[in-house]
Amino acid sequence: MTSDPTPRSSDPAAKLLAEMTLEEKIGQLNQLNFTTLHDDLRGRLAAGEIGSLLNVVDLDTINELQRIAVEESRLGIPLLIGRDVIHGFKTIFPIPLGQAASWNEDVVKEGARVAAVEAGSSGINWTFAPMLDVCRDPRWGRIAECLGEDPWLASRLARAMVQGIQGQDLRQPGAIAACAKHFAGYGACEAGRDYATTNIPENELRNVYLPPFKAAVDAGVATVMASFSDLNGIPASGNRWLMTDVLRGEWGFEGFVVSDWESVPQLAVHGLTASDRESAQAAANAGIGMDMASQTYHHHLADLVRAGLVDESVIDSAAASIIQLKIDLGLFDYPFSYTKDYPPMANPQHLQAAREAARQSLVLLKNEPDTLPIDLSRVDSLAVIGPLADDAYEQLGTWVFDGDPQLSHTPLSAIRALAGDNTRVHAAAGLAYSRSTSTDGFADALEAARQSDVVLMFVGEESILSGEAHCRADISLPGAQQALVARVAELGKPLVLIVLAGRPLTLGPVLEHADALLYAWHPGTMGGPAIADVLFGSHAPQGKLPVTFPRMVGQIPIYYSQKNTGKPATADSFTPIDEIPLRAAQTSVGNTSFHLDAGYTPQFPFGFGLSYTRFEYSDIRVSAESLPVGSSVEVSADLTNAGDREGVEIAQLYIRDLAGSVTRPVKELKGWQRVSLQPGETTRLTFTLGPGELAFFDRNNELNTEPGEFHVFIGGNSDTRLRATFQVTA
Ligand code: GLC
C-alpha cells in the first residue's frame, strides 16, 4: 500500500508557500527602506521582490503600497510596514529607561498600547520595540532605550511592553507586531562605545542578558531583531547558536528574526565573512529570516540556494514565518488602514497616560531639608532657570521620529500655569542649550534667582547626546551647566535641580549645591506637567532607579548585582586617596576591591528613590528556615509610613545565594510590590520565593536550584540590610 503523499497542509501559509517561486519566497525576506514611491519601487512591489518596508509613515502612501502589493503582484501578498516606535508615536512617553524607573508594568503596558494605536492609525503594522538590552554602562547612548541594568525588572517590563504593543489579537486595529531587540548582549559593548565588541561568557549571557528576551518570547513577541554586535567572535547576525539553537531550539520561538540595519553585509566588515554573498549565506544559515535595508538577500540568496550553499528549506521556513505574521495581523483580509478605525492622535486620554507615566518615572534623589514639595501658597516668587526648562523638543528624548514638539508641555509652561497670579515666575535659560559654554546668559539667570524665593534649575542633556551611536566618555553635565549651578548656588536660595537626561549622569559636582534633586530622564510630551505635579505636591514622587548612578565615570561598570570577589571592600577596608599619608607603605591602604579616588559605592544605588514621606522596614521573617530544592518559602516584613504624608513605596525583594557551582551576585532582585500607605500606617509585605526565583544557570549552563544557604533582603533599594536566612536542602 503506497503511503499517502504528505497531506497538503490546511495551513494557509504552507499552501501559499507551495505556490511560490524561489524568487517570490526570497522577496518576502527582503525589507526595503522607503524613500519615495517611485516607479522602480512600484515595479519591484508588483514583481513580489519586497516583503516589507520601513520608515514610511503616511497613511495614504502606505495604503497605496499595500494596494500595489495586493492587487498587482502575482500572489497578492501584503506588506509588513515597520517603524521605530520606541516610546510613543505622536504622544511621546518617557524614554524606556525613564519608564523603567516607574517599576510599573501597567504604566509601561499602557504606554506601549497608546504607541501602537497611534502607529497603527498611520498604517504601521510592526514596530522595532521593545528594546531589551540589559545595560550597566551609562556611557552607552542606548542605555536611554533600555529597561535598565537588571534582568528581573527588565523581564517583567518586557512582557508588559509586548502585551501593550500586540494586545490580545493582532488582527485588531491598534495592535501591531512587536520586535524584541537587539538579540543579544549589545548592552555590554566595550567601553560603552556603540557597536563595539562584546565578550560575554555563556553563563553570564544566560543569567543576565538573555532573560528579558526569553520573557518577550514567552509573552508571544512576534519578531526578534539581531544585534549589530560581535558576540564572543561571532556577530549576532551570523550566530547560529543564538538565532537557532537558543531562540528556536531551546525557547521554541516561532516568529522570525529581522537583521538590524544592514547588519547582514556588516558581517564582512566584522570579518566573519569575506563578501556580501558569504554574509548572506552566513546570516540565512544562522537563522536571520529578514534582511533589513541592505538587499543582500535579494542579490545573493537565489544563487546560494542553487549552489547548494543555503538549503531551500531555510528560505521556506523564513518565508512561512513572515507570511504567518501577515496572516496573524489580518493583512490578507484587511491590508488597508482607515483613520476612522482609530482614536485621534495625542487625544486627552493619550496625553493623560503620558503624564501619568512621566510622573511615575520621576525619581527623587535628594530632598533636604524637605525642600520639596513647594507650597505655592507660601512662595511669592520662583526662578525657573536652565537650558531644559522650556525646550519642547529636547524633553522628548531620543528615538522620536514621529513625535511633535508642538504638542509638548514644558516645565516652564506647566509651572506658569500652576503659579497663576499668586506666584511670580522669573524665567531665564542661562544657557541656550545643554552643551553651551557661553556664560553670556548667566547674568539674567542670576538676576532671576536673586528676585526669587526658590530656584528651580532644569539641567541635563540635549536628546542628541543619548541614543544610537551617541556615547559619552564623560557623563557629567555638559557645557557650562555645572558652572551655572555653582554661581546660582552662591546666592543661598533653596535650590532644586531637575535633571533631564538620557542616562545616569555623574552629578557629584552639583549634588552638594542642590537642596533637592529630581531625576526626570527625558520625560516626553507631558514632562512639564508631570514634573510640576511632583514639585508642587499634587503627586508625590515614587520612582526608583532602574540603573546604578556612578560617582565617577571611572567606576563603570558599577551595578548592584556584582559578584563579591575574594576581597570585597567595606567602609573600613580602604584609605581614601586624600587620607593616604605621604610615603605610605604599599600594603597600608587596604587590599580590597575599590578605587582610591572613588571608593566602592555608587552615588545612588539601583532601586533608590525618595518620597515625600519616610518608609521604614522591619521584622523580616521566613516561613521556613530550611526547605527542599523545588519548594517555596514565604518572606515577609513590616513596612511603615513613618512620615506625615501619604506615599507610595516600591518595596523590593532581593536574594543572595551564598555559594554556588558558579559564584553568585551579592544581591539579585526577585520581586517588588507597590504599596500606598497613609501616615502612620503599617502593612505586612509577603513575597514567595520558589524555583522560579532561586534557580540560575549553573556551571553546566543548566537552569537549576542548588542546595545551600540563602540570604533574603527586603527594602526600599538594593542597599537594604534588612536580612533573613534560609537553607535549601538537597
Ligand atoms: C537602527 C537600530 C535599530 C532600529 C533599526 C531601524 O540602526 O539599531 O534599533 O530598529 O536601525 O531603524
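Keep in mind that this is a model prediction, so the values were computed, not measured.

J.: Run through the site of the ligand, naming residues and quoting values.
T.: With respect to spatial proximity, 13 residues lie near the ligand, and among them Asp-84, Arg-142, Lys-181, His-182 and Asp-260 are the closest. Asp-84 is positioned such that a nitrogen or oxygen atom in its side chain is 2.5 Å from an oxygen atom of the ligand. Between the ligand and Asp-260 there is a distance of 2.6 Å, counted from an oxygen atom to a side-chain nitrogen or oxygen. Protein contacts shield 94% of the accessible area of the ligand, which totals 310 Å² for the unbound molecule.

J.: Got a sec to walk through the state of the cysteines? Specific residues and values, please.
T.: Per the stated rule, a full pass over the model turns up 0 disulfides. Lacking any disulfide linkage, Cys-146 is separated from the closest cysteine sulfur, that of Cys-135, by 5.1 Å. Judged by relative accessible area, which is 0%, Cys-146 ranks as buried. There is no disulfide at Cys-189, and the cysteine sulfur nearest it, in Cys-471, is 6.1 Å away. On the basis of relative accessible area, Cys-189 is assigned to the buried category, the value being 3%.

J.: Any details on the packing of aromatic side chains? Residues and values, ideally.
T.: Following the criterion strictly, the structure yields 20 aromatic pairs and no others. A ring pair is formed by Trp-103 and Phe-606, whose centres lie 5.4 Å apart and whose planes are at 45°; its orientation type is tilted. Of this pair, Trp-103 sits in the loop between helix H5 (96-100) and helix H6 (105-120) while Phe-606 sits in the loop between helix H20 (527-535) and strand E17 (615-622); the two residues are 503 residues apart in sequence, bridging distant segments of the chain. Across the pair, exposure class does not vary: Trp-103 and Phe-606 are buried alike. Taken together through their ring pairs, the aromatic side chains of Trp-103, Tyr-560, Phe-606, Tyr-654 and Trp-672 make up a single cluster. Of note, Arg-136 hangs over the ring of Tyr-559, and the distance from its end group to the ring centre comes to 4.2 Å.

J.: Give me the packing of H6 against helix H15 (residues 348-361): which residues, what numbers.
T.: The N-to-C vectors of H6 and H15 enclose an angle of 145°; their axes lie 10 Å apart at closest approach. Crossing angle aside, the handedness with which H6 passes H15 is left-handed. Facing Val-107, Glu-110, Val-114, Val-117 and Glu-118 of H6, the residues of H15 in contact are His-350, Ala-353, Ala-357 and Gln-360. Its residues assigned to classes, the contact of H6 with H15 shows 5 nonpolar, 2 polar and 2 charged.

J.: Run through the sheet that holds strand E1 (residues 30-33), naming residues and quoting values.
T.: The strands making up a sheet associate through backbone hydrogen bonding, with each pair oriented either parallel or antiparallel. Pairing is parallel across the open sheet formed by 5 strands, whose spatial order is E4-E3-E2-E1-E10. Of all the strands in the sheet, the pair left with one neighbour each is strand E4 (126-127) and strand E10 (291-292). Sheet topology note: the strand E2 (residues 52-54)/strand E3 (residues 80-83) ladder contains 3 bridges and is parallel. Its bridge partner lying in E3, Ser-52 is registered against Leu-80.

J.: Account for the pattern of salt bridges, naming residues and giving values.
T.: Counted according to the given criterion, the structure contains 37 salt bridges. The partner of Arg-67 in a salt bridge is Glu-72, and the shortest N-O contact between them spans 2.9 Å. Look at Arg-67 and you get partly exposed, because its relative accessible area is 22%. Judged by relative accessible area, Glu-72 falls into the partly exposed class, the value being 41%. A salt bridge links Arg-171 to Asp-333, with the nearest nitrogen and oxygen atoms 2.7 Å apart. With a gap of 162 residues between them, Arg-171 in the loop between helix H7 (151-166) and strand E5 (179-183) and Asp-333 in the loop between helix H14 (312-328) and H15 connect regions that are remote in the sequence. Taking the relative accessible area as the measure of exposure, Arg-171 reaches 35% and is therefore partly exposed. Each of the salt bridges in this network shares a partner with another, and the network as a whole consists of Arg-42, Glu-64, Arg-67, Glu-71 and Glu-72.

J.: Run through the nonpolar core, naming residues and quoting values.
T.: Residues Leu-53 and Phe-183 are the most contacted members of the largest nonpolar core, which totals 113 residues. Element by element, the count of residues in this core is highest for H7, at 9 residues. Sequence-distant contacts of Leu-53, that is, excluding residues within four places in its chain, are made with Gln-31, Leu-32, Phe-34, Leu-41, Leu-45, Leu-65, Leu-79, Leu-80, Ile-81 and Gly-82. Ala-101, Ala-196, Val-455 and Leu-545 belong to the second-largest nonpolar core, a separate cluster that totals 49 residues.

J.: Just give me the short version of the pairing of strand E16 (residues 516-519), but keep the residues and values in it.
T.: Neither face of E16 is exposed, since Ala-516 and Leu-518 on one face and Leu-517 and Tyr-519 on the opposite face are all buried. With 4 bridges connecting them, strand E11 (residues 363-367) and E16 associate as antiparallel partners. Across the sheet, residue Leu-364 finds its bridge partner in E16, namely Leu-518.

J.: For the sheet that holds strand E19 (residues 633-641), give the residues involved together with the corresponding values.
T.: The sheet built from 3 strands is open, its strands ordered E17-E19-E22 with antiparallel pairing. The open sheet has two edge strands, E17 and strand E22 (682-689), and neither has a second partner. Ignoring strand direction, the axes of neighbouring strands in this sheet form an average angle of 25°. In terms of strand pairing, E19 meets E22 through 8 bridges, oriented antiparallel. Its bridge partner being in E22, Val-635 is matched across the sheet by Phe-687.

J.: Please give an account of the environment of Ala-383 that cites residues and values.
T.: With respect to the helices and strands, the residue Ala-383 is situated in strand E12 (residues 381-385). Through-space distance from the C-alpha of Ala-383 to that of Leu-495 is 9.5 Å; in sequence the pair is 112 residues apart. The residues contacting Ala-383, other than those within four sequence positions of it, are His-426, Ala-448, Ala-449, Ser-452, Val-454, Val-455 and Leu-456.

J.: If you had to explain the packing of helix H8 (residues 202-209) against helix H10 (residues 240-250) to someone new, which residues and values would you point to?
T.: Closest axis-to-axis distance for the H8/H10 pair is 14 Å, and the angle between their directions is 55°. With respect to H10, the axis of H8 lies oblique. Considering the relative orientation of H8 and H10, their crossing is right-handed. Residue-level inspection shows Glu-202, Leu-205 and Arg-206 of H8 in contact with H10, the latter providing Trp-241, Val-246 and Glu-250. Considered class by class, the residues forming the contact of H8 with H10 number 3 nonpolar, no polar and 3 charged.

J.: Tell me about H15, residues and numbers included.
T.: Over its 14 residues, H15 extends 20 Å from the first C-alpha to the last, a length consistent with the 20 Å expected when each residue adds 1.5 Å. Two or three places before Gln-349, at the opening of H15, Asn-347 has a side-chain oxygen 2.9 Å from that residue's backbone nitrogen.

J.: Tell me about the confidence of the model for the chain, residues and numbers included.
T.: Across the chain, the average pLDDT comes to 97, with 99% of residues at or above 70. Contacts for the low-pLDDT stretch residues 1-8, under 50 throughout, to residues beyond four places or in other chains number 2 contacts.

J.: Quick one: what's the story with helix H3 (residues 39-46), residue by residue and with numbers?
T.: Within H3, the full set of buried residues consists of Leu-41, Arg-44 and Leu-45. For H3, the angular spread of the buried residues around the axis is 100°, confining them to a single face. Of the surrounding elements, those touching the buried residues of H3 are E1, E2, helix H4 (59-72) and helix H13 (296-306). A positive phi of about 75° marks Gly-48, the residue just after H3.

J.: Which residues make up the side chain of Asp-533, and what values do they have?
T.: Among the structural elements, Asp-533 can be located in helix H20. Not counting residues within four places of it along the chain, the set of residues in contact with Asp-533 comprises Arg-355, Arg-359, Ser-538 and His-539.

J.: Quick rundown of the environment of Val-108? Include the residues and the values.
T.: Counting through the fold element by element, Val-108 comes out in helix H6. Residues Val-108 and Val-162, 54 residues apart in the sequence, show an inter-C-alpha distance of 9.8 Å.

Calculation notes
Residues numbered from 1 in each chain as written. Predicted model: local features only at pLDDT ≥ 70, side-chain atom pairs only at ≥ 80, totals over all residues. Heavy atoms only, no water. Near = heavy atom within 4 Å. Polar contact = N/O pair within 3.5 Å; in protein donor to acceptor, adjacent residues only side chain to side chain. Areas by Shrake-Rupley, 256 points an atom, 1.4 Å probe, with all protein chains shown as cover. Disulfide = S-S within 2.5 Å. Buried < 20%, exposed > 50% of the residue type's maximum accessible area, 1.4 Å probe, protein only. Phe/Tyr/Trp six-rings, centres within 6.5 Å; stacked < 30°, edge-to-face > 60°. Helix = DSSP H or I, 4+ residues; strand = E, 2+ residues; numbered from the N terminus. Lys NZ or Arg CZ within 6 Å of the ring centre and 35° of its normal. Axes fitted to C-alpha atoms, helices over the stretch in contact; angles between N-to-C directions. Left-handed = near helix turned anticlockwise from the far one by under 90°. Contact = heavy atoms within 4.5 Å. Nonpolar A, V, L, I, M, F, W, Y, C, P; charged D, E, K, R; others polar. Pairing = 2+ DSSP bridges. Salt bridge = Lys/Arg side-chain N within 4 Å of Asp/Glu carboxyl O. Core = buried A, V, L, I, M, F, W, Y, C linked by side-chain atoms within 4.5 Å. Parallel < 35°, antiparallel > 145°, perpendicular 65-115°, else oblique. Expected span 1.5 Å × (residues − 1). pLDDT = per-residue confidence, 0-100. Arc of directions from axis to C-beta.

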